[in-house]
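Chain by chain, the residues:
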Amino acid sequence: MELLFLPLLPYLAWLLWTALRHPIPLSYNWRSLWQRKVGTLSTAGAIAVVVAIFVVVLSLAQGISSAFVSSGRADQVVVLRPNARVELNSSLERDRARILKSSPLVAWDSLGPLASAECLTVKLLELADGSGSTNVLFRGLEPAGVRMRSQVRLVEGRWFRPNLPELVLPLKMKDRFRDIALGRTFTFNGLNWTVVGLFDAGSSAFDSEVWTDVETLMHAHRRISYNAMLVRLQAPEKIPVFVKAIEDDKRLKLEGKPEAAYFAQQTEAGKPIQILGQMITVILTVGAIFAAMNTMFAAVASRTPEIGTLRALGFRRVEILASFQWEALMLCALGGVAGAAMALSFNGIRTGTTNFETFSDVGFAFTVTPALMLEGFGFSLLMGVLGGFPPAWRASRIPVTDAMKGG
Amino acid sequence: MNGEAIIRCEGIAKSYFRDSLEIPVLQGLDLEIPRGGYFALMGPSGSGKTTLLNLIAGIDRPTGGSLEVCGYRLNDLDDDELAGWRAIHVGFIFQNYNLVPVLNAFENVELPLLLQPLSRAQRRARVLEALALVNLEDRMWNFPRQLSGGQEQRVAIARAIVSDPRILVADEPTGALDAKNAEEVMALLERLNQDLGKTILLVTHDPKAAHHARVQIHLEKGVLDRTVEVNR
Ligand SMILES: Nc1ncnc2c1ncn2[C@@H]1O[C@H](COP(=O)(O)OP(=O)(O)O)[C@@H](O)[C@H]1O
Ligand SMILES: [Mg+2]
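Residues numbered from 1 in each chain as written. Chains lettered and ligands numbered in written order. Predicted model: local features only at pLDDT ≥ 70, side-chain atom pairs only at ≥ 80, totals over all residues. Heavy atoms only, no water.

Residue and element names in this part refer to chain A. When its domains are assigned, chain A resolves into domain 1 (2-68 + 269-405) and domain 2 (82-253). Inter-centroid distance (C-alpha atoms) of domain 1 to domain 2 is 47 Å. Interface area lost by domain 1 to domain 2 is led by Arg-350, Glu-357 and Asp-361, which between them contribute 48%. Our enumeration of links across domain 1 and domain 2 arrives at one salt bridge. Taking the shortest distance from any N to any O, the salt bridge between Asp-361 and Arg-176 comes out at 2.6 Å. At the surface where domain 1 touches domain 2, the tally comes to four residue pairs in polar contact (both at pLDDT 80 or more). Class assignment of the residues belonging to the side of domain 1 that touches domain 2 gives a composition of four nonpolar, six polar and three charged. (Domains from an automatic or database assignment. Buried area = accessible area lost by both parts, 1.4 Å probe. Salt bridge = Lys/Arg side-chain N within 4 Å of Asp/Glu carboxyl O. Polar contact = N/O pair within 3.5 Å; in protein donor to acceptor, adjacent residues only side chain to side chain. Nonpolar A, V, L, I, M, F, W, Y, C, P; charged D, E, K, R; others polar.)

Residues and elements named next belong to chain B. Tracing the backbone shows Asp-171 in strand β7 (residues 167-171). For the buried Asp-171, which has no salt bridge, the nearest side chain bearing the opposite charge is Lys-49, at an N-O separation of 7.1 Å. Residues in contact with Asp-171, not counting those within four places in the same chain, are Thr-50, Leu-53, Ile-93, Phe-94, Gln-95 and Val-203. (Helix = DSSP H or I, 4+ residues; strand = E, 2+ residues; numbered from the N terminus. Buried < 20%, exposed > 50% of the residue type's maximum accessible area, 1.4 Å probe, protein only. Lys, Arg positive; Asp, Glu negative; His and termini not counted. Contact = heavy atoms within 4.5 Å.)

All right, on to the sheet that holds strand β1 (residues 5-18) of chain B then. Residues and elements named next belong to chain B. Strand order in the open sheet formed by four strands is β2-β1-β4-β5, with antiparallel pairing between adjacent strands. Two strands in the sheet have a free side with no partner beyond their single neighbour: β2 (21-34) and β5 (72-73). Pairing analysis gives five bridges linking β1 to strand β4 (residues 64-69), with the strands arranged antiparallel. Counted as the bridge partner of Cys-9 is Leu-67 from β4. (Pairing = 2+ DSSP bridges.)

Written as structure tokens, this is what we have:
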């Protein structure tokens, strides 16, 4: 999008310059727009809708990526089977987990080493809106795993206890899934699982996961190995050393990924809806540009004698061109401001999408930042330049003698 | 005529082309108008009056002949130069007033001054002066739709003189006005000619209006038919 502006930059600079030493005042264009209220408002409205969609699509991508980006810590490493990409596809035998935990590079707290062997699985949960069920990631953790996710806070109830079928869920799941509450039980794999706590993961990816005790989850699924392990190192600088060490260790044959990078790679989860959104935006944008163009062509046609008069009074072609280009820009900017404001009403709304790496649900909130709103506004100006130029060019070509033919 | 001609047309020709068909409108026309002259250009409809006026006012180009106005050979000026020349040397008065509807009287009169290097205060002073001349200072915040036809034309005249051009061109300025308003406008033009020394070229087919001019020229089939000095 920024690239689209580059070739237009000299033209925009010229326009700005004409506005500063502008012989035809911008108030003339502003009032002319209000002279044709219906046309102006309906065109600006159409542009507003397109800008709003544009910003919402961007804010969705922003929401997904901030969910993942806020999940990782700079001093932690996710240990996986080589080429597993995600924890779900990985596996880690118990003896290897033990070797990893005993590494001298692992950080400790008062309760022991900060390393958590974890087990992941996916289960269907019913959606709150009654539209069916979707896959949710269940994570079994060791007690250290909870302590290592510092952005996760317990807000209701208590944490799960070892060797018991107890679940702790994100509070944010309440909006999206049915009957999320303390005391509720789920039955699967022959056990009755009770919800004993609700946590808040600060909008990170963990706000889409159900947590439980790793041993209980593995036992219920008759698994003998973990999926992966999260390890905290004594300092971020130790990461390369640790990664190299486990790669070189013949007994392990494991891959270590910095946790931040591991989650950043999952930002890709938002790609499919993002691409769909962009395709819709492009189609709508073409329509909006033509709407603006059409409105401005009509304005130029109805003001032919006026334009001829201005030319007769001594205004040059470029000044007419700039004037009508500015009018188109104002028209589209009007839509841009309205559209950005419309998009703002989506800010914070939570929804979810399928992470195509894990085929489970990722919850996220539309994140409409000022930067995105500004981008939407810039987008409306781009429409103004493209849609406004042909009519402005035509206006600048009107023969002066047409001024004599009416008024 | 005398040597102090402000408008000099020599062998002016103008043809329009429609589908490669040449429609000659002016055919080798000679005309000299002295500084401070007040000429009425008359003739039947379609005889080329507007065409000639447009050429002299520099908003159209001849297909032949030489045109010198206010010391400039208009044939030699390019489009932008011609626009700059108009801004300084010619004031336009149109049959349909041609005020910009979204601008009030003050802003309409101010328009030509926006092309000149004047401060806001200087512009304001000149606009007020011009509006005083047409006796409309009290209506300067009115928009064209809030004015009568006669008032609109007087605002248009104020706009034509605000940048103090030496020549005024008026194409049927009373064509859309009733007799009383027409008379008022004609009296105003006469004053601009006599008191301010403006050279005026007036196109009209109204003999009463033409009578205000000092010279009447008659256009017939693309050539000047006769010239009549008006005795008063
Ligand atoms: N733009 C044009 N294209 C073709 N013919 C034109 C154009 N303007 C004027 N004419 C023709 O030139 C002739 C003179 O027109 P004009 O100067 O407007 O006459 P008048 O003002 O005396 O009525 C008319 O026959 C008119 O049809
Ligand atoms: Mg005419």
